[in-house]
Amino acid sequence: MAELEGFEFGKSDFVLLDEVTMEQFLDNLKLRFEQGRIYTFIGEVVVSVNPYRQMDIYGKEMIDAYRGRELYENPPHLYAVADAAYKAMKRRAKDTCIVISGESGAGKTEASKYIMQYIAAITNPSQRAEVESVKNVLLKSNCVLEAFGNAKTNRNDNSSRFGKYMDINFNFNGDPTGGHINNYLLEKSRVVQQQEGERNFHSFYQLLRGGSEELLKSLHLKKDPIEYCYTRQGASISVASSDERSSYKAVMAALKVIGFGEEEISSIYKILSTILHLGNLQFESDGESVQVVGGDSVQHISELTASEPESVNKALLFRTVATGGGEVIAKGHSEQEASYGRDAFAKALYERLFAWIVGRINSVIEVKNYNPALHGKNTVIGVLDIYGFEIFENNSFEQFCINYCNEKLQQLFIELILRQEQEEYHREGITWQHIDYFNNQIIVDLVEQPHKGIISVLDEACLTAGKVTDTVCLDSMNQKLGQHPHYTSRKLCPTDKTMEFNRHFRIRHYAGDVTYSVEGFLDKNKDPLFQDFKRLMYNSSDPVLKEMWPDGQMSITEVTKRPLTAATLFKNSIISLVDRLACKEPYYVRCVKPNEVKSPMLFDEARCQHQVAYLGLLENVRVRRAGFAYRQPYERFLQRYKMTCEYTWPNHLMASDREAVEAIVVQHGFEGDVAYGQTKLFVPDASLSLHSGAGESRTHPHSRPLPPEGVARGPGADALQTDEGHLRHHGLL
Ligand code: ADP
Ligand code: MG
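Quick caveat: nothing in here was measured; it's all calculated off a predicted structure.

K.L.:
Quick question: what am I supposed to make of the overall build of the protein chain here?
P.N.:
Within the protein chain, the secondary structure is distributed over 28 helices and 19 strands. In summary, the protein chain has a C-alpha radius of gyration of 29 Å against a globular reference of 27 Å for 733 residues, a match within 12%. Each principal axis of the C-alpha atoms in the protein chain carries an extent, and together these give about 95 × 65 × 50 Å. Put simply, the protein chain has 733 residues, and 56% of those count as buried. Partitioning the contacts of the protein chain with sequence separation of at least 6, the portion at a separation of at least 24 is 68%. Accessible surface computed for the protein chain: about 31600 Å², of which carbon and sulfur atoms make up 50%.

Below, the structure written as structure tokens:
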């Protein structure tokens, strides 16, 4: 059971700090972490510190303790936010979303799973079969997505290498009726190459180490990942809690629960095998023509992809080009081109497999036959678990995209939590002390501004005919962005030896400086794949594989339109994500990574301070403390509470709604607390009134105080929340 916490656990809401300073914030965070209290509120925001150990706080009892309760009735927990988002959705038919942010390894994905488990646990009390099955698919999809989309990195043994936004749809009963997963930028370069100390996607090792001998034989695979170029480097790297055999079984089981057919599952494993075989192909020139070296690999690939061996061979060694005269010829690759083509093909196979899996899950869980007239409003809770800010030894195009995405999400946070709040007070004419915060729009612009930003420079370089190299592109960025306060490079700052000429540029992100190596940027942005591979796959007689390659239909003469670049596609997807989030009522989980060594004991103060600073948590506390948590237009307030006051029931005779509202407020004895805006009544933060006397002490002369923290609540405690207490804490919503 969730008990109220004692003083020895520090302040359960940062709003209650005696002073809002970094020092006090960190002291409280550290104390709580060391005492095993990994969650702390800032109002409705939950700050979470990765415990790096199994916590006994997610059981059924705990779920029951949070279910249907108000946010401040229990100690901080993910379940409290999940319940708040669920209640808002159910009571007020609001679309809500839970945005989980934090750097790689901070605990976002774990948090998203606990939140989904909570929502699954509290819904569908009547156990209706179709709702149960939707819940099951939603939960099982995590297992599959992690197998194919996660990998061991130097930051996290189970790092999500894609972004995930999942909508869960609810009917008027508040039961889940379906869902939809959006995936963002899978880091497909990992398929062919990994950084020192890292592995390929889990799926490959699970297949090799977990697949039955019979299966492996049919796929022409050997058991040991060391046999394959693409998995060799990661073969000897052990992963905490990795038991590839049981993971493999779990994924198989999950695929079946979701509804993947035998044929489909078999195609999935054939594609993984094709990729492994592709990686072992080499190319050799005898001076005249290039040949494939690699034993029976071509044969295996043709079998696994249900294609002719000659066609496979041809696609690997030639590309079809249209000549000026409209003729079509086969042009032989150089060894280098052939290797490049092979890797591009392997990456594309994996990326399309992943997208297909997500699409297939969506086809199962999408809401079918929903009739709003019949079923009432369909509402949504979105859960966003997207890659956190990343700084590696070597930062490439993927880190650039990921960090840009985090800039966008920070914008959204600022927009929703900080700026809107302040602007509303201003609009409503309520006295308000402005709180300064760093607005990172300037960095977002640096990346995405049309004609000026980094993405547009990259795209221009990709569109230019002829040889444009990464360094030429860097020069062009230097020229265009040299004046920008958040951009620098060695050329612009020759004395800074931490960057190399013609190789590095640095962005001063809101979360810190990141030095990017421009090498490979253009290629990853252009992301070319010879049409011959697409056609080869489209012509496969494996229907599942064929389905993944509809664009293989086109002949070379039809392929004229330039496809959008990877950066632009990513930018567009993130912009639409932000739009989707912005129209929902947001709830935030801000994850903090306590140390770099995955230790349950160590609270690395410098690292934590850095995260607290860039996540804007102090500003968040300040805005929260200065602010009013709840507000209600006068008219709606009256509708709801006019029966509680003799002057307003059934109709008031006062000059304005505002005066009528004042009458109700006075009658209930909390006129000292509220503020009257132009159109709305503002009520202070419930957590402040709950713990009156603490922090920036506000006094509530007329209200009965609730028990302070540390006083366990007996059975009768709830009675304290009746009448005006209830109105105060919840009713004014
Ligand atoms: P992120 O998604 O932010 O990169 P993860 O959620 O994958 O990070 O967490 C990284 C690792 O930290 C997990 O694999 C797990 O070992 C540990 N971890 C994170 N959150 C918790 C938690 N609430 N309880 C126990 N361990 C956790
Ligand atoms: Mg993750």
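K.L.:
Please clarify how the sheet that holds strand 15 (residues 512-517) should be interpreted in this entry.
P.N.:
Think of a sheet as strands paired side by side through backbone hydrogen bonds, with each pair either parallel or antiparallel. Taken in spatial order, the 3 strands make up an open sheet running 13-14-15, and their pairing is antiparallel. Both edges of this open sheet fall to strand 13 (487-489) and strand 15, since each of them pairs with a single strand only. The mean inter-strand angle of the sheet, taken between neighbouring strand axes irrespective of direction, is 25°. Pairing geometry for strand 13 and strand 14 (residues 504-509), over 3 bridges, is antiparallel. Each bridged residue has a counterpart across the sheet, and for S489 the counterpart in strand 14 is F505. Contacts from helix 18 (residues 470-481) reach strand 13 and strand 14, with the element oriented near 135° to strand 13.

K.L.:
Got a minute to help me understand the site of ligand 1 in this structure?
P.N.:
Lining the immediate surroundings of ligand 1 are 16 residues, of which N50, Y58, G105, K108 and T109 lie closest. T109 is positioned such that a nitrogen or oxygen atom in its side chain is 2.8 Å from an oxygen atom of ligand 1. Contact with the protein chains covers 86% of the free accessible surface of ligand 1, which is 560 Å². Classifying every residue of the shell around ligand 1 by side-chain character gives 5 nonpolar, 7 polar and 4 charged.

K.L.:
Is there a simple way to think about the coordination of the magnesium ion (ligand 2) in this case?
P.N.:
Coordination sphere of the magnesium ion (ligand 2), protein contribution only: T109 (OG1) and S160 (OG), at 2.1 Å. Note that T109 is positioned in helix 4 (residues 108-122) and S160 in strand 5 (residues 159-160), a separation of 51 residues in sequence. Summarising the burial analysis for this pair, T109 and S160 share the class buried.

K.L.:
Would you take a moment to explain a nonpolar patch on the surface for this structure?
P.N.:
A surface patch of nonpolar side chains, about 340 Å² in accessible area, is lined by V597, M601 and L602. You can see M601 is positioned in the loop between strand 16 (585-592) and helix 23 (605-614). Owing to a relative accessible area of 69%, M601 belongs among the exposed residues under this scheme.

K.L.:
Which parts of the structure should I look at to understand the pairing of strand 14?
P.N.:
Two faces make up the sheet, and in a regular strand the side chains alternate between them. Of all 6 residues in strand 14, 5 are buried; the element is thus mostly enclosed. Where strand 14 and strand 15 come together, 6 bridges link them in antiparallel fashion. Across the sheet, the residue bridging to R506 is T515, located in strand 15. As consecutive antiparallel partners, strand 14 and strand 15 are separated by 2 residues.

K.L.:
What's the story with the environment of C229 in this structure? I'm lost.
P.N.:
Structurally, C229 is set in helix 8 (residues 229-235). Taking relative accessible area as the criterion, C229 reaches 31% and is therefore assigned partly exposed. For the pair C229 and N280, spaced 51 residues apart in sequence, the C-alpha separation works out to 5.8 Å. If we skip the residues at most four places from it in the chain, C229 touches G279 and N280.

K.L.:
Looking at this structure, I do not really get the sheet that holds strand 12 (residues 379-385). What am I missing?
P.N.:
Here 7 strands make up an open sheet; going across it, the order is 1-2-16-3-12-6-7 and the pairing mixed. Edge positions in the sheet fall to strand 1 (39-42) and strand 7 (176-184), since each has one partner strand and no second. Looking at each pair of strands side by side, their axes are set apart by 20° on average, direction ignored. Here strand 2 (residues 45-49) runs beside strand 16; their pairing, made up of 4 bridges, is parallel. Bridge pairing in strand 16 places V47 opposite R590. In the packing of helix 1 (residues 22-34) onto the sheet, contacts are made with strand 1 and strand 2, and the angle to strand 1 comes to roughly 145°. Contacts from helix 3 (residues 78-92) reach strand 1, strand 2, strand 3 (96-101), strand 6 (163-170), strand 12 and strand 16 within the one sheet, and its direction differs from that of strand 16 by about 170°.

The rules we used
Residues numbered from 1 in each chain as written. Chains lettered and ligands numbered in written order. Predicted model: local features only at pLDDT ≥ 70, side-chain atom pairs only at ≥ 80, totals over all residues. Heavy atoms only, no water. Helix = DSSP H or I, 4+ residues; strand = E, 2+ residues; numbered from the N terminus. Rg over C-alpha atoms; globule rule 2.2 N^0.38 Å. Buried < 20%, exposed > 50% of the residue type's maximum accessible area, 1.4 Å probe, protein only. Contact = heavy atoms within 4.5 Å. Areas by Shrake-Rupley, 256 points an atom, 1.4 Å probe, with all protein chains shown as cover. Pairing = 2+ DSSP bridges. Axes fitted to C-alpha atoms, helices over the stretch in contact; angles between N-to-C directions. Near = heavy atom within 4 Å. Polar contact = N/O pair within 3.5 Å; in protein donor to acceptor, adjacent residues only side chain to side chain. Nonpolar A, V, L, I, M, F, W, Y, C, P; charged D, E, K, R; others polar. Donors = N, O, S within 2.8 Å, 3.2 Å for Na, K, Ca; no water. Patch = residues over 30% accessible without salt bridge, like charges linked within 9 Å, V, L, I, M, F, W, Y side chains within 5 Å. Salt bridge = Lys/Arg side-chain N within 4 Å of Asp/Glu carboxyl O.

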